[in-house]
Amino acid sequence: MSKILKFASLVSLMMLSPALLATASGADLNVVASFSIIADLAKNVGGDRVEITTIVGPDGDAHVYEPKPADAVAMSKADVVLVNGLDFEGFLSRLVETSATAAPVVELTRGVTPMKLADEPAGHAHPEDEAAKQAGHHHGEYDPHAWQSIANAEIYVKNIADAFCGADKAGCATYTANATTYLDKLATLETAVKTSIAGIPKEKRVIITSHDAFGYFEHAYGLEFLAPEGISTESEASAADVAKLVDQVRHDKASAIFLENVTNASLIRQIANETGLKVGGTLYSDALSQETGPASTYIDMVHHNIETIKAAILGS
Amino acid sequence: MYDILVAPFAHYAFMQRALLGSLVLALSCGPVGVFLMLRRMSLTGDAMSHAILPGAAIGFLFYGLDIVPMTIGGIVVGLLVALGAGAVSRFTIQKEDASMAAFYLISLAFGVLLVSWHGSSVDLMHVLFGTVLALDNAALTLIAAICLTTLIGLGLVWRALVAECLDPLFLRSVSRMGAVVHLLFLTLVVLNLVGGFQALGTLLSVGLMMLPAAAARFWTNRVAPMCGMAIGIGMVSCLAGLLISFHASLPSGPAIILSAGCFYVVSILVGPRGALRSLAAPRRHRSA
């Protein structure tokens, strides 16, 4: 059903977009970012020289987004389109096609070493994930949540700077300088994360979230994440999966449990009730929070996540 | 034996809750499904799972991602759609399937409009629809209340409902209560479905309503035993499905529904009114 709706909205926006093409904005570079985290990174690199339009905003789920005419208009006016790639944005290819944008579409995961879904170090890949992949789910062969490792975010930033330089030669010096400043901040952030994790006893470094969105984080920083729903929020948990998680907590293997900002919390609450483990808070995985929230920028998001995790583990 | 059948429920509270919730829902949904089937409205459940979107969206617009307002919104819109479709089929020449299709499509389109207009890209339905493994006290209470309401409601209008199913014109000729009974029945349908969606997800609540009823149809012609059989098949499917989900590491909703599906296939084949019997028995003419 949703496919038909998407198609219908695309047809309607094909008709609309040429009429609205004429307007231009004052900035040197019009940038379209596919979702909130990329938009934040791009803002830090571009500064005042760029005007950023975000397609999937804060607290939104890019997996299930349905594009609107305004998105195609923004895209057709864009000088640069920034996307995550690795099949994260299911809506993207059609939108690029219909908007007939001349702008380069830059996949920021270019240069990132992608993690195969089967590479999950925790070894709890679920059979239904396979089924979801077979069925042409938004997630492809690789785990797209690459930004959860700060080293990858640094690659994103470099890719963004390159893309901006390619599209706006005059501003290249500014972009490079901004990127360098921001990369320093990211390096500081990564040190802070590593210090935080070093302060958590090794045997307590197993935690539970709703679905596997933290594969890269886990790989980079040595925290182990378990989840009842696997990599895709749309797969359904089996009784055996939930029982296994309950056992993990009972045998004192998993030491904290968390919600995520855009998924159904009931399964996590159930595990928490069953084991007496208190829900440690909300982690931001696939989108930033609103302006007023605790994770409105990438750096804030990483800080918030690691602080929440640490407080919950040490408090348990 | 103990390890296979009892241990999963003895060791894990979430399994007890899943069993309790699904058994109560089977008790409530079975008879409703039988009457839906007898009225040729078997696809109402699927239509309803789309139709409630605007209600959930309005709940979301005002209260954010809170399950209670979204569920109440869903029930209200579900009632509007069901009663609207029922009224049109009652008072015009249009049949229930056509009016239901029209009403649910209007409702769905309105819902998509609301969601997009607000600019949210959260999959509301994904958030609203629950899973049997995550039944909390509120969800269990909701299911129990729905079950009680359904049983009382069915008890009150049982005779009229049966008469309506078998011969609506007769009921219309002897009583003006037909329309009232029909609308009351639709209310029960919506309550069961929307409550079921929130607690168990669409697949499980629609499946638990229709499959046992469809299977029971092959065993008897009488309405009361058919309802009893539907309840029984539903309950056994829940137990079997949960155990399969536990031991074979399969998702619970599909496991339960596939168990019910097995009952259905077996019933088609060996039920007294099923395929084999009607093939085996040559048509006998009644002798005087």
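Rules and cut-offs
- Residues numbered from 1 in each chain as written.
- Chains lettered and ligands numbered in written order.
- Predicted model: local features only at pLDDT ≥ 70, side-chain atom pairs only at ≥ 80, totals over all residues.
- Helix = DSSP H or I, 4+ residues; strand = E, 2+ residues; numbered from the N terminus.
- Buried ≥ 20, exposed ≤ 12 C-beta atoms within 10 Å, placed from the backbone.
- Contact = placed C-beta atoms within 7 Å.
- Core = buried A, V, L, I, M, F, W, Y, C linked by C-beta atoms within 7 Å.
- Domains from an automatic or database assignment.
- Pairing = 2+ DSSP bridges.
- Right-handed = clockwise from strand over helix to strand, strands pointing away.
- Expected span 1.5 Å × (residues − 1).
- Axes fitted to C-alpha atoms, helices over the stretch in contact; angles between N-to-C directions.

Caption draft 1: Structural view of the overall build of chain A. A tally of helices and strands in chain A yields eleven helices and ten strands. Put simply, chain A has 316 residues, and 54% of those count as buried. Put simply, 68% of the contacts in chain A that link residues at least 6 apart link residues at least 24 apart.

Caption draft 2: A look at the nonpolar core. All names here are of chain A. Formed by 177 residues in total, the largest nonpolar core has its most connected members in A42, V80, L82 and I160. A domain split of this core shows at least three residues from each of domain 1 (2-109 + 117-183) and domain 2 (193-315). With residues up to four places along the chain from it excluded, the contact list for A42 reads V31, A33, V50, I52, L82 and I160.

Caption draft 3: Quick look at the pairing of strand β3 (residues 80-83) of chain A. Residues and elements named next belong to chain A. Burial along β3 is two-sided: the residues V80 and L82 and V81 and V83 are all buried. Two elements, strand β1 (residues 29-35) and β3, share three bridges in a ladder whose sense is parallel. Considered in β3, the bridge of V31 is made with V80. As a crossover connection, the stretch from β3 through helix α4 (residues 92-99) into strand β4 (residues 105-107) is right-handed.

Caption draft 4: Molecular detail of helix α14 (residues 252-270) of chain B. Helix length check: α14(B), at 19 residues, gives a terminal C-alpha distance of 27 Å against a target of 27 Å (1.5 Å per residue), a fit within 8%. Listing the buried residues of α14(B) in full gives B:S252, B:G253, B:P254, B:A255, B:I256, B:I257, B:S259, B:A260, B:F263, B:Y264 and B:S267. Among the structural elements, α9 (239-250) of chain A together with α3 (13-38), α11 (178-200), α12 (202-216) and α13 (223-248) of chain B are those in contact with the buried residues of α14(B).

Caption draft 5: Broad picture of the sheet that holds β1(A). Residues and elements named next belong to chain A. Across the sheet, four strands lie side by side as β2-β1-β3-β4; this open sheet has parallel pairing. Two strands close off the open sheet at either side, each with one partner strand: β2 (50-56) and β4. Taken pair by pair, the neighbouring strands of this sheet meet at an average axis angle of 25°, ignoring direction. Contacting β1, β2 and β3, helix α2 (residues 36-46) crosses the sheet at an angle of about 150° to β1.

Caption draft 6: Representation of the sheet that holds strand β9 (residues 256-260) of chain A in the model. All names here are of chain A. Pairing is parallel across the open sheet formed by four strands, whose spatial order is β8-β7-β9-β10. The sheet is open, and its two edges are formed by β8 (224-226) and β10 (279-283), each paired on a single side. For this sheet, the mean angle separating the axes of adjacent strands, direction not counted, is 35°. Where β9 and β10 come together, three bridges link them in parallel fashion. Across the sheet, the residue bridging to E260 is L283, located in β10. Contacting β7 (206-208), β9 and β10, helix α10 (residues 266-275) runs over the sheet at an angle of about 160° to β9. Running over the sheet, helix α11 (residues 298-315) touches β7, β9 and β10 and is turned about 175° from β10.

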